[in-house]
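Given next are the chains, with one letter for each unit.
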Amino acid sequence: MDNRPLGVFDSGLGGLTGVKELRRLLPGEDIVYFGDTGRVPYGSRGRDTILQYARQDIAFLLSKNVKYIMAACGTVSSTYPAAEAAKLPVPYLGVVSTAAREAAVATRSRKVGVIGTAATIRSGSYETLLRQLVPGVEIVKRACPMFVPLVENGYFNDGNPVAKLVIEEYLTPVRAAGVDTLILGCTHYPLLKSMIGAFMGPDVALIDPGKAAADALKSMLEDKGLLAQRSEGRAAFYVSDSVDTFAASADVFLGPYRGGSVEQVAIDQF
């Protein structure tokens, strides 16, 4: 038993897709979420900058006495060194490895598409894992840098004409390649899942990295005996920019699992 909170961080709003799944799967857990809304997006940054941001985000969560850290950010998960993660005082989970494993199970044709930020695609992290998990896999990669600002600015309502045009622009070559599985390699992207699914077609499995990571985290907590012993947990949200803007959008992202305090923090102090 461990009643300390779970720590989750992302560059902005996208990681709330992971929080939503965690609150559904683990209703008794307290969750501390940090969204770096003042420095979003991470995907267009250089490696050193991404590492600096990730270290500050992790330091903030550790200051809240969390028992586990989930990097709900594909860019950080693709960049943050495993050796450094292993030295943290609490267990750490990124979204890349869990999403890759789910894609390996889902694919029938061994043709897998991967979309993500420029940094995620450039890192080759999904490609490396998929080649280990699926011998002979054919991978179609595509950076989709406009998806994050679309989501952050609220252009994710089903059928949004701007989002539909951007999806068509980015995903036409991925669809033409005949993939049967598509990894939405950024936790912002599931907010566009309905429109992406409509464009790709019903025979293409869409892998949600936040959901895959939440499923894995639940299993890990059970295996390590770290589950909280309470019936209802609470969520606390922290951001590096406007509290009001975040609060309004967070309710949309979290749906029935919305609720919790929101505070602004000076992340540069960590």
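Structural data are supplied above this passage.
Let us look at the structure shown here. (Residues numbered from 1 in each chain as written. Predicted model: local features only at pLDDT ≥ 70, side-chain atom pairs only at ≥ 80, totals over all residues. Heavy atoms only, no water.)

1. Comments concerning the sheet that holds strand β6 (residues 138-143)
Spatial ordering of the open sheet is given by β6-β5-β7-β8, a layout of four strands whose pairing is parallel. Either end of the sheet is taken by a strand with one partner, and the two such strands are β6 and β8 (205-207). On average, each strand axis in the sheet is inclined to that of its neighbour by 20°, with strand direction left out of account. Sheet analysis places strand β5 (residues 111-116) next to strand β7 (residues 181-184), joined by four bridges and oriented parallel. Note that in β7 the partner of G113 across the bridge is L182. Sheet strands in contact with helix α9 (residues 161-176) are β5, β6 and β7, and its direction is about 170° off that of β6. (Pairing = 2+ DSSP bridges. Helix = DSSP H or I, 4+ residues; strand = E, 2+ residues; numbered from the N terminus. Axes fitted to C-alpha atoms, helices over the stretch in contact; angles between N-to-C directions. Contact = heavy atoms within 4.5 Å.)

2. Overview of the sheet that holds strand β10 (residues 261-264)
In space, the six strands of this open sheet follow the order β4-β3-β1-β2-β9-β10, with parallel pairing throughout. Pairing within the sheet leaves two strands with one partner each, and these edge strands are β4 (92-94) and β10. Along the sheet, successive strands turn relative to each other by an average axial angle of 20°, direction set aside. Of the strand pairs in this sheet, strand β2 (residues 31-35) and strand β9 (residues 235-239) are connected by five bridges, and their pairing is parallel. Note on β9: the bridge partner recorded for V32 is A236. With respect to the sheet, helix α2 (residues 47-63) is in contact with β1 (6-10), β2, β3 (68-71), β4 and β9, its orientation differing from that of β1 by roughly 155°. Across the sheet, helix α12 (residues 243-254) touches β2, β9 and β10, and the angle it forms with β10 is around 145°.

3. With respect to helix α10 (residues 193-200)
If you check which residues of α10 are buried, you get M195, I196, F199 and M200. The arc that holds every buried residue of α10, seen down its axis, measures 130°, which confines them to one face. Lining the buried residues of α10 we find β5, α8 (147-152), α9, β7 and β8. G201 lies just past α10 and shows a positive phi near 105°. (Buried < 20%, exposed > 50% of the residue type's maximum accessible area, 1.4 Å probe, protein only. Arc of directions from axis to C-beta.)

4. Digging into the packing of helix α5 (residues 95-106) against helix α7 (residues 125-133)
Across the interface, α5 lies against α7 with an axial gap of 9 Å and an inter-helix angle of 40°. Classified by the angle between their axes, α5 and α7 sit oblique to one another. Classified by chirality, the crossing of α7 by α5 is right-handed. Between α5 and α7, the contacting residues are V95, V96, S97, A99, A100, R101, A103 and A104 on the first element and S125, Y126, L129, L130 and L133 on the second. (Parallel < 35°, antiparallel > 145°, perpendicular 65-115°, else oblique. Left-handed = near helix turned anticlockwise from the far one by under 90°.)

5. A word on the nonpolar core
Counting residues in each nonpolar core, the largest one holds 55 residues, and the members touching the most others are L16, I115, F147, L171, L182, I196 and M200. It is α9 that provides the largest number of residues to this core, a total of six residues. Aside from chain neighbours lying at most four places away, what touches I115 is I121, R142, C144, F147, L171, L182, I183, L184, G185, C186, Y189 and I196. Of all hydrophobic cores here, the second largest spans 26 residues; its members include F60, A71, A85 and L88. (Core = buried A, V, L, I, M, F, W, Y, C linked by side-chain atoms within 4.5 Å.)

6. A word on the side chain of K67
With respect to the helices and strands, K67 occurs in the loop between α2 and β3. Looking at K67, its side chain comes within polar contact range of the main-chain oxygen of D2, at 2.5 Å. A distance of 2.7 Å separates a polar atom in the side chain of K67 from a polar atom in the side chain of E29. When residues no more than four places from it in sequence are discounted, the contact partners of K67 are D2, R4, P5, L6, E29, V90, P91, L221, L226, L227 and A228. (Polar contact = N/O pair within 3.5 Å; in protein donor to acceptor, adjacent residues only side chain to side chain.)

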